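Structure assessment
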Amino acid sequence: MTVPTTLAFCYLSLLWQREALTLSDLLRFVEEGHIPYVNAFQHFPEEMKLYGRDKGLFAIESWPDYEDIYKKMIEVAMFLDLPRFPDITEDCYLHPNVLCMKYLMEVNLPDEMYDFTCQVVKMAGIGEVDFLTFDPIAKKEKTVKYDVQAVAVIVIVLKLLFLLDDNLEWSLSAIAEEYNEENKEDKLWFDFRKWYQVMKKSFDEKKQKWEEARAKFVWKSERPLYHSSIDRSVVYKRREMVVNLQKQFSALADPAPTFAKNSPSSFQFNWTEEDPGRTCFHGHSLQGILKKRGQSLTTVNSLYWLSTQKFCKSYCKHVTTYEESNFSLSYQFVLNFFSFLLRIKTYFLHEEVSLIEKRLFKAKYSKAKKKSSSSRKMRKRK
């Protein structure tokens, strides 16, 4: 069993126990050094001899990829012929309603958006127990990426409220800004432009630190691996020489600052009202983007554009394609920000958004299918 497969097995056990930990959190803990992965053999007892084939198993030179670990998790579950996992109910951390609340807090969006995410989850039918519960045998093709799904729901709600077409969101922001200037004592209206500015700054700072940490990461271990027991003495002598040279050069150079390792947390961003340097939008109102219709409230925006007009064929490995140039800058920023949060590729989140939209707007997709089929028939007749 390889190290990535072992990690997939660990996530399976967490899923079975319904622990409050997503796959993206698990992989981030690996990156932050809370879970041994790269050079994991360094934590083994001294009496354990690792050489030969073991070197190929433990010589990790890349970070774990979300898609790769997720696929391995399904393969392991099917190989072990595991039964249906414990139900994912509404009080479970992995339920989309709970995860949506968590991610709304983390990305500094208004609390009032939670009602909209719950409505999208209900209308799309992705909050049902049978849909969410992992069953390796019965649902080979219908597994759920809980964290990606929750984030995709938030993206859809942002599109429903602000359209994200590089036009309407800025118009609504101007209205909110004017209201907030004139009514400073009242509850502030949510200003998308201001949120974008605050989040972009935080996102850029966090991403730069992440990229610097990756660039400075030392892949070579303090405890070397060797091909055979004969090579052991040679390898250790070389390693000892390298360590001595490093000590001599470090004595000449300025001592590098030491940073205390933070304890693992599910939150990467924290927002409080007491922080004057960063605006917290949790308590802001959505009043500026809602209007009364009879006894209920509805959104000012009545338009919506689908992230994917046409899905790939069944034999294609991808659900759809994602070309940044085809989408608005607002949509690109939202996708890039959430993708970084989960450490996934942008197209992966775009696919999940498209799949939920397909469930949410069945009528639109069925009309598109009828139009395409009728046009084909017309061509054949000609």
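Placed above this text is the structure.
Residues numbered from 1 in each chain as written. Predicted model: local features only at pLDDT ≥ 70, side-chain atom pairs only at ≥ 80, totals over all residues. Heavy atoms only, no water.

**Describing a nonpolar patch on the surface**
On the surface, a nonpolar cluster with roughly 490 Å² of combined accessible area is contributed by Met-1, Phe-9, Phe-79 and Leu-80. Checked against the element boundaries, Phe-9 lands in helix α1 (residues 3-17). With a relative accessible area of 39%, Phe-9 lands in the partly exposed category. (Patch = residues over 30% accessible without salt bridge, like charges linked within 9 Å, V, L, I, M, F, W, Y side chains within 5 Å. Areas by Shrake-Rupley, 256 points an atom, 1.4 Å probe, with all protein chains shown as cover. Salt bridge = Lys/Arg side-chain N within 4 Å of Asp/Glu carboxyl O. Helix = DSSP H or I, 4+ residues; strand = E, 2+ residues; numbered from the N terminus. Buried < 20%, exposed > 50% of the residue type's maximum accessible area, 1.4 Å probe, protein only.)

**Describing the packing of aromatic side chains**
Taken as a whole, this structure holds 28 aromatic pairs when the rule is applied. Measuring from ring centre to ring centre gives 3.8 Å for Tyr-179 and Trp-189, while their planes differ by 10°; the resulting arrangement is stacked. With Tyr-179 in helix α9 (residues 168-182) and Trp-189 in the loop between α9 and α10 (192-216), this residue pair connects regions lying 10 residues apart in the sequence. In this structure Tyr-179 comes out as partly exposed when scored by relative accessible area, which is 22%. A centroid spacing of 5.5 Å and a plane angle of 70° characterise the contact between Phe-203 and Phe-340, whose relative ring orientation is edge-to-face. (Phe/Tyr/Trp six-rings, centres within 6.5 Å; stacked < 30°, edge-to-face > 60°.)

**Observations regarding the side chain of Lys-159**
In this structure, Lys-159 sits in helix α8 (residues 146-162). Apart from residues lying up to four places away in sequence, Lys-159 is in contact with Leu-164, Asn-301, Tyr-304, Trp-305, Leu-306, Ser-307, Tyr-331 and Glu-357. (Contact = heavy atoms within 4.5 Å.)

**As for the pattern of salt bridges**
A full pass over the atoms with the stated rule returns 12 salt bridges. Among the salt bridges present, the one from Lys-72 reaches Asp-68, with a minimum N-O distance of 2.9 Å. Within this pair, Lys-72 and its partner Asp-68 are both found in helix α4 (residues 66-79), separated by four residues, close to a single helical turn. Residue classification places Asp-68 among the partly exposed residues on the basis of a relative accessible area of 31%. The closest approach of N and O atoms between Lys-200 and Asp-204, which form a salt bridge, is 3.0 Å. Here Lys-200 pairs with Asp-204, and both are found in helix α10, just four residues apart, close to one helical turn.

**Observations concerning the nonpolar core**
In this structure, Leu-109, Tyr-146, Leu-158, Phe-162, Phe-338 and Leu-349 are the most contacted members of the largest nonpolar core, which totals 93 residues. Here this core takes 13 residues from α8, the largest share from any one element. Other than its neighbours up to four places away in sequence, Phe-162 contacts Leu-168, Glu-169, Leu-172, Phe-190, Phe-192 and Ile-289. (Core = buried A, V, L, I, M, F, W, Y, C linked by side-chain atoms within 4.5 Å.)

**Focus: a negative patch on the surface**
Taken together, the side chains of Glu-177, Glu-178, Glu-181 and Glu-182 present a region of like negative charge at the surface. Structurally, Glu-182 can be placed in helix α9. Using a relative accessible area of 59% as the deciding quantity, one classes Glu-182 as exposed. (Lys, Arg positive; Asp, Glu negative; His and termini not counted. Charge placed at Lys NZ, Arg CZ, Asp CG, Glu CD.)

**Considering the environment of Leu-14**
Mapped onto the elements of the fold, Leu-14 is located in helix α1. Linking Leu-14 and Leu-26, residues 12 residues apart in sequence, is a C-alpha distance of 9.7 Å. If sequence neighbours within four positions are ignored, Leu-14 has contacts with Glu-19, Leu-21 and Leu-26.

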